[in-house]
Amino acid sequence: MKNDIQEVAEGVELTDGFHLLMEALEMNGITNIYGLLGIPVTEIGRMWQARGNKFFSFRNEQNAGYAASVAGYLTKKPGVCVTVSAPGFLNGLTALANATTNCFPMILISGSSEREIVDLQQGDYEEMDQLNIARPHCKASFRINRTEDIGVAVVRAIRTALSGRPGGVYLDIPARLFSTTMSAEEGQKSLFVPVDPAPAQLPAPSAVSRAVDLIKGAKKPLILLGKGAAYAQCDADIKALIEETGIPFTPMSMAKGLVSDTHPQCAAAARSMVLQESDVVILIGARLNWLLAHGKGKTWGGAKKFVQIDIQANEIDSNVPIAAPLIGDIESCVNALRAGLKGAAKPTEWMSAIAERANGTKAKLATKLTTATPVMNYFNSLGAIRDVLKNYPDITLVNEGANTLDNARMVIDQYLPRKRVDTGTWGVMGIGMGSAVAAAVETGKPVVAICGDSAFGFSAMEYETITRYNLPVTVIIMNNGGIYRGDEANPEHQVSCMIFNPKTKYDQFSIALGGEGVRAETPEALAKALEASLKSGKPTIIDAIIDPAAGVESGRIGNLNIVSTIGKK
Ligand code: ADP
């Protein structure tokens with residue numbers, strides 16, 4: 001590795017902020033940085049690459065930030081994003097807030113303007129009080145004012161991002177610090193690696209026995225896996241808990257594949273039944289937020305009790321009373337439950353009732369997936385995709401959109417842990433291409449992104465990032481020509497606010513940006529194009545033309561879409 005430390009007249013070797021920052025990151029095992037360069041961080045990219053590391057240069061900071069956050073989720077190490085000041089920082093901040101909301105470890109490093117000018121509001125280049133703006137949107141917001149603090153700041157950022165509930169950290173570096181020098185020897189001494197940055201947190205024995213007693217007394221228990229469980233990387237322990245107890249499980253979307261969707265105890269196809277009829281629900285790394293109807297109402301049917309495993313104590317009782325909280329890391333809690341539940345009776349009757357319901361639902365769906373229509377719809381197109389992807393269990397599936405998200409989540413099985421990245425806790429559009437870049441980079445395996453045409457638009461220019469780095473990413477655009485649907489009539493003398501230009505050709509867009517492009521109008525053509533793209537490993541966009549009338553307003557969350565009570569006037 002190159003060392004650019006300069007020699008000065010007095011014979012004291014010097015280092016500077018740039019070098020100390022890079023060395024601190026390297027020492028802590030960071031090799032990939034996602035970002036967008038410009039004043040005052042440009043040199044970081046060049047020097048980082050010259051030192052043999054990877055810098056993935058994006059077209060918009062928000063997408064670089066999404067990439068870093070997904071890298072954090074997939075690797076259990078903080079993903080690092082570097083941006084320029086003010087507007088670049090603000091773009092990156094959206095992704096940092098999203099990372100924090102999703103419990104993904106991420107560090108956003110931004111250059112900032114000079115403190116003395118910013119603080120007196122004297123009008124500096126890209127003047128902004130970034131430190132304070134970041135504060136409410138992440139776990140911690142730190143500024144480094146002295147070169148000798150760079151080592152400790154990086155360690156503090158890493159420990160904060162990883163420990164307890166993971167999340168985002170902001171590191172503010174005023175421009176001048178990058179070129180400020182200090183003795184190289186002293187600088188080296190200031191760098192270190194944290195001991196055990198995400199320590200195990202054991203649940204209290206009394207909490208374990210409370211949970212064990214509750215589960216043992218259950219007639220219709222259910223395990224609900226969330227993306228926190230997938231993040232925890234104790235896949236074998238979770239599978240063992242499920243198999244040893246015989247309890248059915250259902251995954252939240254990003255936990256799909258943590259235990260295969262084809263596992264005999266998977267109750268996903270009987271989801272509404274199990275949520276309503278279960279009597280004890282064991283939440284593992286899943287929050288009772290909007291995605292779970294806050295644990296109450298029609299979705300949850302009759303009375304039930306919850307066991308909740310979470311590392312964040314105040315998550316408990318966030319919406320409904322939790323009968324048996326288990327505060328600790330998922331691995332320790334799951335293994336404590338396994339020990340306590342050894343030899344307990346399996347709920348076989350309940351499991352067979354669920355299997356019967358699930359088989360019925362799957363049979364109905366199978367018919368829809370193979371029914372031909374004059375123009376493709378969500379079902380027959382996704383059916384074709386599903387049949388191809390069955391043979392590629394280790395691709396990462398990135399999925400965003402409204403109807404595209406709902407339907408793909410239901411139709412496409414996942415077989416392995418952490419192989420699905422989607423719109424997450426916020427249900428946010430625009431995560432597509434950033435997530436695809438990170439998944440391809442961090443796993444070294446192909447990625448298939450299934451995006452609604454509207455969702456794709458948020459990060460479309462990053463497709464050039466994908467072709468530039470020649471990443472094995474296939475983007476399938478479910479093209480119905482609009483937001484939710486593409487058949488809304490134009491108001492008089494206007495273009496409808498819900499539709500896109502019908503002349504748009506995403507396959508041609510790909511070719512223009514150096515990738516492969518295919519237009520698919522039938523399920524057969526779609527399957528063929530996907531297979532070819534996965535075999536070639538070349539960046540490809542498949543423009544999947546589906547019926548403009550396919551899709552419903554707001555997808556499955558139409559209930560959140562407020563409409564006027566007095567109608568149109
Ligand atoms: P989903 O959207 O899949 O339901 P959430 O993001 O809502 O999942 O919930 C994830 C939960 O997992 C968070 O409450 C977080 O605190 C928790 N969590 C994350 N990592 C761990 C871990 N290693 N141990 C325990 N809990 C964890």
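Q: Even after reading the chapter, I still don't get the site of the ligand, so can you show me in this structure?
A: Taken together, 20 residues lie around the ligand, and R165, K227, R287, D310 and I330 are the ones closest in. Between an oxygen atom of the ligand and a side-chain N or O atom of R165, the distance comes to 2.8 Å. Here K227 contributes a backbone N or O atom positioned 2.7 Å from an oxygen atom of the ligand. In isolation the ligand offers 580 Å² of accessible surface; the protein chains occlude 96% of this area. A per-element tally of the shell around the ligand places helix α11 (residues 227–231) first, with three residues. For the shell around the ligand, a count of residues per class yields eight nonpolar, seven polar and five charged.

Q: Whenever I open this one, the packing of aromatic side chains confuses me. Can you help?
A: For any two aromatic rings, the description comes down to two numbers: the centre-to-centre distance and the angle of the planes. Here the structure, examined in full by the defined rule, presents 10 aromatic pairs. In textbook terms, an aromatic cluster arises when at least three aromatic residues are bridged by ring pairs, as seen for Y34, F56, F58 and Y469. If you follow K76 out to its NZ or CZ, it ends over the ring of Y231, 5.9 Å from the centre. Over the aromatic face of F379 sits the side chain of K368, whose NZ or CZ is 4.3 Å from the ring centroid.

Q: What should I look at first to understand helix α16 (residues 378–389) in this one?
A: Residues spaced three or four apart along an α-helix point in a common direction, a consequence of the helix completing one turn every 3.6 residues. Helix length check: α16, at 12 residues, gives a terminal C-alpha distance of 16 Å against a target of 16 Å (1.5 Å per residue), a fit within 8%. Among the 12 residues of α16, 11 are classified as buried, and the element is accordingly described as predominantly covered. Burial in α16 covers these residues: Y378, F379, N380, S381, L382, G383, A384, I385, R386, V388 and L389. Each element contacted by the buried residues of α16 is listed here: α15 (348–370), β14 (396–400), α17 (403–411), β16 (447–452), β17 (473–479) and α22 (523–536). One side-chain oxygen at the N-terminal end of α16 lies 2.9 Å from the backbone nitrogen of F379; it belongs to N377.

Q: Help me understand helix α14 (residues 330–341) in this model?
A: Between its first and last C-alpha atoms α14 spans 16 Å; for 12 residues at 1.5 Å apiece the expected length is 16 Å, and the two agree. By the burial criterion, the buried members of α14 are I330, S332, C333, V334, L337 and L341. Of the surrounding elements, those touching the buried residues of α14 are α10 (205–216), α11, α12 (235–245), β11 (280–284), β12 (305–310) and β13 (324–327). Sitting at the head of α14, D329 places a side-chain oxygen 3.2 Å from the backbone nitrogen of E331. Within two residues after α14, G343 carries a phi angle of roughly 80°, on the positive side.

Q: Please clarify how the layout of surface pockets should be interpreted in this entry.
A: A probe as big as a water molecule, rolled over the atoms, marks out the empty space that is left. Approximately 240 Å³ is the volume found for the second largest pocket. Taken together, 17 residues make up the lining of the second largest pocket; nearest its centre are N479, N480, G481, P502 and I545. Of the residues that constitute the lining of the second largest pocket, the class distribution is seven nonpolar, six polar and four charged.

Q: Please clarify how the confidence of the model for the protein should be interpreted in this entry.
A: Low pLDDT means the predicted atomic positions in that stretch should not be read closely. The predicted model of the protein averages 96 in pLDDT, with 98% of residues at 70 or higher. For this predicted complex, the interface score ipTM comes out at 0.98, alongside a pTM of 0.96.

Q: How should I be thinking about the environment of A184 in this particular structure?
A: If you trace the backbone, A184 turns up in helix α9 (residues 184–189). Among the residues examined, A184 registers a relative accessible area of 7% and is labelled buried. Separated by 172 residues in sequence, A184 and V12 have C-alpha atoms that sit 7.9 Å apart.

Q: Can you help me understand the pattern of salt bridges in this one?
A: Side chains bearing opposite charge may pair, as long as their charged atoms lie close to each other. Enumeration over the complete set of coordinates arrives at 26 salt bridges. The residue D237 makes a salt bridge to R338 at a minimum N-O spacing of 3.6 Å. Here R338 lies in helix α14 and D237 lies in helix α12, a separation of 101 residues in the sequence. K535 is the salt-bridge partner of E531, the closest N and O atoms lying 3.2 Å from each other. Of this pair, E531 and K535 both sit in helix α22, four residues apart, which is roughly one turn of the helix. Judged by relative accessible area, E531 falls into the partly exposed class, the value being 24%.

Conventions we followed
- Residues numbered from 1 in each chain as written.
- Predicted model: local features only at pLDDT ≥ 70, side-chain atom pairs only at ≥ 80, totals over all residues.
- Heavy atoms only, no water.
- Near = heavy atom within 4 Å.
- Polar contact = N/O pair within 3.5 Å; in protein donor to acceptor, adjacent residues only side chain to side chain.
- Areas by Shrake-Rupley, 256 points an atom, 1.4 Å probe, with all protein chains shown as cover.
- Helix = DSSP H or I, 4+ residues; strand = E, 2+ residues; numbered from the N terminus.
- Nonpolar A, V, L, I, M, F, W, Y, C, P; charged D, E, K, R; others polar.
- Phe/Tyr/Trp six-rings, centres within 6.5 Å; stacked < 30°, edge-to-face > 60°.
- Lys NZ or Arg CZ within 6 Å of the ring centre and 35° of its normal.
- Expected span 1.5 Å × (residues − 1).
- Buried < 20%, exposed > 50% of the residue type's maximum accessible area, 1.4 Å probe, protein only.
- Contact = heavy atoms within 4.5 Å.
- 1 Å grid on protein atoms, 1.4 Å probe; cavity = no way out; pocket = protein on both sides within 12 Å on 5 of 7 lines; lining within 4 Å.
- Points joined across faces, edges and corners; volume = space filled by probe spheres on them.
- pLDDT = per-residue confidence, 0-100.
- Salt bridge = Lys/Arg side-chain N within 4 Å of Asp/Glu carboxyl O.

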